[in-house]
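# Structural description and commentary
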Amino acid sequence: MSLGFRISGRIGKPVTDVFDAVVNPTKLSGYFTTIGGASAPLVAGTTVTWWKTVPVEVDEVTKDKRIVLRWDATDAEGKPAYKTRIEMNFEPLDDGGTFVTIAEEGWREGEAGLKKSYLNCEGWSQMLACMKAYLEYGINLRDGYYRSELRGEPANETNI
């Protein structure tokens, strides 16, 4: 059995706007990949780089519906050992908003996998909150959020 989680929330914008805020590197860099940015749009079959150092493999992009990504999970020594799978789903709501669900799975059982899954659950929860503030109010919640980012460094498990 592998470890995983699922988070979700409503964003008060149409699904086309919310989906574009994830696949468009300029918009994603405005609230999530704020230090180092995103290297390219999310297109199935490509690998993009987030925060200048994190390769993100794009497995699937179904416009306004679903994005599937993979990226490195690290072992107890911090070395890339395997990939986890991220699935984002976008559901249009009757009120004009969008319900976003983000799930990540694939960590190996054990203390290292559990800790890293908790860290990523925190990160995706904050990403969703930051996306809501950015799209609904034009606010970058991530600016100055982490100590590391105050120093101009992308947040990671060792410097937040």
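Numbering of residues begins from 1 in every chain and follows the order in which that chain's sequence is written. In keeping with the model being predicted, local features are shown solely for residues with a pLDDT of at least 70 and side-chain atom pairs are shown and tallied solely at 80 or more, while totals for entire chains, interfaces and linings include all residues. As a rule here, side-chain values come from all non-hydrogen atoms in the structure, and water together with hydrogens is ignored.

UniProt positions are given in the numbering used here, feature names are shortened, and annotations may be inferred rather than shown by experiment. As stated in UniProt under Sequence similarities (unreviewed entry), the record for the protein chain gives "Belongs to the AHA1 family."

Here the focus is the overall build of the protein chain. Helices and strands together make up the secondary structure of the protein chain, namely four helices and six strands. Radius of gyration: C-alpha atoms only; globule rule: 2.2 Å multiplied by the number of residues to the exponent 0.38. The C-alpha atoms of the protein chain give 15 Å as radius of gyration, which agrees with the globular expectation for 160 residues (15 Å, within 12%). Projected onto its principal axes, the C-alpha coordinates of the protein chain cover approximately 45 × 35 × 25 Å. Here the term buried applies to any residue with accessible area under 20% of the maximum for its type, exposed to any over 50%, and partly exposed to those in between, with areas from a 1.4 Å probe on protein chains only. Within the protein chain, the proportion of its 160 residues that are buried is 41%. In this description, contact between two residues means that some pair of their heavy atoms is separated by no more than 4.5 Å. Across the protein chain, the fraction of contacts at a sequence separation of at least 24, relative to all contacts at a separation of at least 6, is 47%. Of the accessible surface of the protein chain, which amounts to about 8,300 Å², a share of 51% is contributed by carbon and sulfur atoms. Think of it this way: Lys and Arg go in the positive column, Asp and Glu in the negative one, and His and the chain ends go nowhere. Every charge is mapped onto a representative atom, which is NZ of Lys, CZ of Arg, CG of Asp or CD of Glu. Charge centroids of the protein chain, computed over 19 positive and 23 negative side chains, lie 2 Å from each other. A run of DSSP states H or I qualifies as a helix once it reaches four residues; a run of E qualifies as a strand once it reaches two. Both are numbered from the N-terminal end. Reported accessibility uses the Shrake-Rupley method at a 1.4 Å probe radius. Residues are deemed covered only where the shown protein chains occlude them.

On to a nonpolar patch on the surface, then. What goes into a patch is any residue over 30% in relative accessible area without a salt bridge, connected to like charges within 9 Å or, for nonpolar side chains (Val, Leu, Ile, Met, Phe, Trp, Tyr), within 5 Å. Any carboxyl oxygen of Asp or Glu within 4 Å of a side-chain nitrogen of Lys or Arg constitutes a salt bridge here. A cluster of nonpolar side chains, contributed by Tyr-137, Ile-139 and Leu-141, occupies part of the molecular surface with about 320 Å² of accessible area. On the secondary structure map, Leu-141 appears in the loop between helix H3 (111–137) and helix H4 (147–150). Judged by relative accessible area, which is 39%, Leu-141 ranks as partly exposed.

Our focus in this paragraph is the nonpolar core. By size, the foremost hydrophobic cluster in this structure holds 37 residues, and its most contacted members are Trp-50, Met-88, Trp-124, Met-127 and Met-131. Among the elements of the structure, strand S1 (3–11), helix H1 (15–23), strand S2 (47–50), strand S3 (54–62), strand S4 (66–74), strand S5 (80–92), strand S6 (98–107) and H3 are those that each provide at least two residues to this core. Ignoring sequence-local partners within four residues, the contact set of Met-127 consists of Val-22, Leu-28, Tyr-31, Phe-32, Met-88 and Ile-102. In this text, buried Ala, Val, Leu, Ile, Met, Phe, Trp, Tyr and Cys residues form a nonpolar core when linked through side-chain atoms within 4.5 Å.

Attention now moves to the layout of surface pockets. Only protein atoms enter the 1 Å grid used here. Points where a 1.4 Å probe fits but cannot escape make up a cavity, open sets with protein on both sides within 12 Å along at least five of seven lines make up a pocket, and a residue lines them when an atom lies within 4 Å of a point. Grid points are joined across faces, edges and corners, and a volume is the space filled by probe spheres set on the points. Approximately 790 Å³ is the volume found for the largest pocket. Leu-119, Asn-120, Ala-155, Asn-156 and Glu-157 are the residues nearest the centre of the largest pocket, which is lined by 27 residues in total. Elements with a minimum of two residues in the lining of the largest pocket: S3, S4, S6 and H3. By residue number, the principal contributor to the lining of the largest pocket is H3, which donates six residues. Note that Gly is not counted as nonpolar here; it falls among the polar residues with everything else outside the nonpolar set of Ala, Val, Leu, Ile, Met, Phe, Trp, Tyr, Cys and Pro and the charged set of Asp, Glu, Lys and Arg. Its residues assigned to classes, the lining of the largest pocket comprises 13 nonpolar, eight polar and six charged.

Confidence of the prediction at every residue is given by pLDDT, a number between 0 and 100. The predicted model of the protein chain averages 92 in pLDDT, with 98% of residues at 70 or higher. Taking the mean pLDDT of every element in the protein chain, the minimum, 74, falls on H4 and the maximum, 98, on H1.

Inspection of every chain in the model, using the stated rule, returns twelve salt bridges. Here Arg-70 and Asp-59 are joined by a salt bridge, their closest N and O atoms 2.7 Å apart. Taken as a pair, Arg-70 in strand S4 and Asp-59 in strand S3 lie far apart in primary sequence, eleven residues in all. With relative accessibility at 36%, the residue Asp-59 sits in the partly exposed group. Residue Arg-85 pairs with Glu-87 through a salt bridge whose shortest N-O separation is 2.9 Å. What you see here is one network of salt bridges that share partners, running through Glu-57, Asp-59, Arg-70, Asp-72 and Lys-83.

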